[in-house]
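Below are the chains, spelled out letter by letter.
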Amino acid sequence: MTYAIGLTGSIATGKSTAAAFFERHAIDIISADEIARDLTKAGEPTLVSIVSHFGQGILKKNGELNRRALRNKIIRHPAERLWLEGYLHPQIRARIENALCDATSPYVIIEIPLLVSRENYPYLNRVLLLETESSLQMKRLIARDDCTHDDAIAILNLQPREELRRTIADDVIRNDGNPEHLEEALRVLHQNYLNRTTTA
């Protein structure tokens, strides 16, 4: 199976920027978030089941998922978040494995934002963790999602603790907002991963 790198980190730490870097270097990218969006497109059976659980209030008028409405529900009700993850995550993992079998690049990056254990991802050869300073993370999140400070805190509180992420991380990049620093750190890792694939 293709050499696989799990890319993870809390929200607004630069995972999408890192994934874009690897993609520019002809590395296949598998995104758990993109898979989740595909599974929850209007009319998809997965979305039908989610609406059956949460009600029509999580849909837009055109039948698409209102992600902000769903997020607000799981922020207020932790048990609902656990239900959603228990229903959605096995489907996401199955699609990741299928996509991994189709990968053709020397190694593949699998972006998994909520990765805190390798148990369900035994094929991961390494894990790359992105971190950032909390105030910068807060600023990015508010700007990106156009949310209030209180909403941003609630969203961040849903994220796994960084200590858990570090226990499974092989490589850690501290993304302080300096694009040149991030680019150079990723360039070094890219060469490192290429070298590992030739000896794996």
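None of these values were measured; they are calculated from a predicted model.

Our next topic: the nonpolar core. In terms of nonpolar packing, the biggest core is built from 29 residues, with Ile92, Ile96, Ile110, Tyr123 and Leu124 touching the most fellow members. Taken together, the elements giving at least two residues each to this core come down to helix H2 (32-39), helix H3 (45-54), helix H4 (67-76), helix H5 (78-102), strand S3 (107-111) and strand S4 (124-131). Per-element tally for this core: the top contributor is H5, with five residues. Residues in contact with Ile110, not counting those within four places in the same chain, are Ala4, Ile5, Gly6, Leu7, Ile30, Ile96, Leu100, Tyr123 and Leu124. Among the nonpolar cores identified, the runner-up in size contains 17 residues, and Leu7, Ala18, Tyr107 and Leu182 belong to it.

Here the focus is the packing of H3 against H5. It is at 12 Å that the axes of H3 and H5 come closest, and there the two elements cross at 165°. The angle between H3 and H5 places the two elements in the roughly antiparallel class. When you trace H3 past H5, the crossing you get is right-handed. Taking contact as the criterion, the partners of Pro45, Thr46, Ser49, Ile50, His53 and Phe54 in H3 are, on H5, Glu80, Trp83, Leu84, Tyr87, Leu88 and Gln91.

Within helix H1 (residues 15-24), the full set of buried residues consists of Lys15, Ala18, Ala19, Phe21 and Phe22. Considered in projection along H1, the buried side chains sweep an arc of 155° and stay on one side of the axis. In H1, the exposed positions that point more than 90 degrees away from the buried face belong to Ser16, Glu23 and Arg24. Tucked into the core, H1 has its buried residues touching strand S1 (3-9), strand S2 (28-31), S3, S4 and helix H9 (179-199).

All right, on to the sheet that holds S2 then. Ordered by their spatial adjacency, five strands build an open sheet running S2-S3-S1-S4-S5, and the pairing between neighbours is parallel. Of all the strands in the sheet, the pair left with one neighbour each is S2 and strand S5 (171-174). Sheet twist, expressed as the average angle between the axes of neighbouring strands with direction ignored, equals 25°. Pairing of S4 with S5 involves four bridges; the strand directions are parallel. From the neighbouring strand, Leu129 faces S5, where its bridge partner is Val172. Most of the contacts of H2 go to S2, to which it runs at about 55°, and overall it touches S2 and S3.

With 25 residues, H5 ought to run about 36 Å at 1.5 Å a step, and its terminal C-alpha atoms sit 36 Å apart, in line with that. When the local axis directions of H5 are compared, the greatest deviation, roughly 30°, occurs at Leu88, which is followed within four positions by the proline Pro90. All of the buried residues along H5 are Leu84, Leu88, Ile92, Arg93, Ile96 and Leu100. Considering only its buried residues, H5 is in contact with S1, S2, H2, H3, H4 and S3.

Here we come to the pattern of salt bridges. Tallied over the full model, the rule gives 13 salt bridges. One salt bridge connects Asp145 with Arg71, and the closest N-O pair in it is separated by 2.9 Å. Separated by 74 residues along the polypeptide, Asp145 in helix H6 (residues 134-145) and Arg71 in helix H4 bring together distant segments of the chain. Exposure class is identical for Asp145 and Arg71. Each is buried. When the shortest N-O distance is used, the salt bridge between Glu163 and Arg161 registers 3.2 Å. Given the relative accessible area of 46%, Glu163 is considered partly exposed. On the basis of relative accessibility, which here comes to 51%, the residue Arg161 falls in the exposed class. Linked by salt bridges that have partners in common, Arg24, Glu183, Glu184 and Arg187 make up one network.

Conventions used here
- Residues numbered from 1 in each chain as written.
- Predicted model: local features only at pLDDT ≥ 70, side-chain atom pairs only at ≥ 80, totals over all residues.
- Heavy atoms only, no water.
- Core = buried A, V, L, I, M, F, W, Y, C linked by side-chain atoms within 4.5 Å.
- Buried < 20%, exposed > 50% of the residue type's maximum accessible area, 1.4 Å probe, protein only.
- Helix = DSSP H or I, 4+ residues; strand = E, 2+ residues; numbered from the N terminus.
- Contact = heavy atoms within 4.5 Å.
- Axes fitted to C-alpha atoms, helices over the stretch in contact; angles between N-to-C directions.
- Parallel < 35°, antiparallel > 145°, perpendicular 65-115°, else oblique.
- Left-handed = near helix turned anticlockwise from the far one by under 90°.
- Arc of directions from axis to C-beta.
- Pairing = 2+ DSSP bridges.
- Expected span 1.5 Å × (residues − 1).
- Bend = angle between axes of the 7 residues up to and from the residue.
- Salt bridge = Lys/Arg side-chain N within 4 Å of Asp/Glu carboxyl O.

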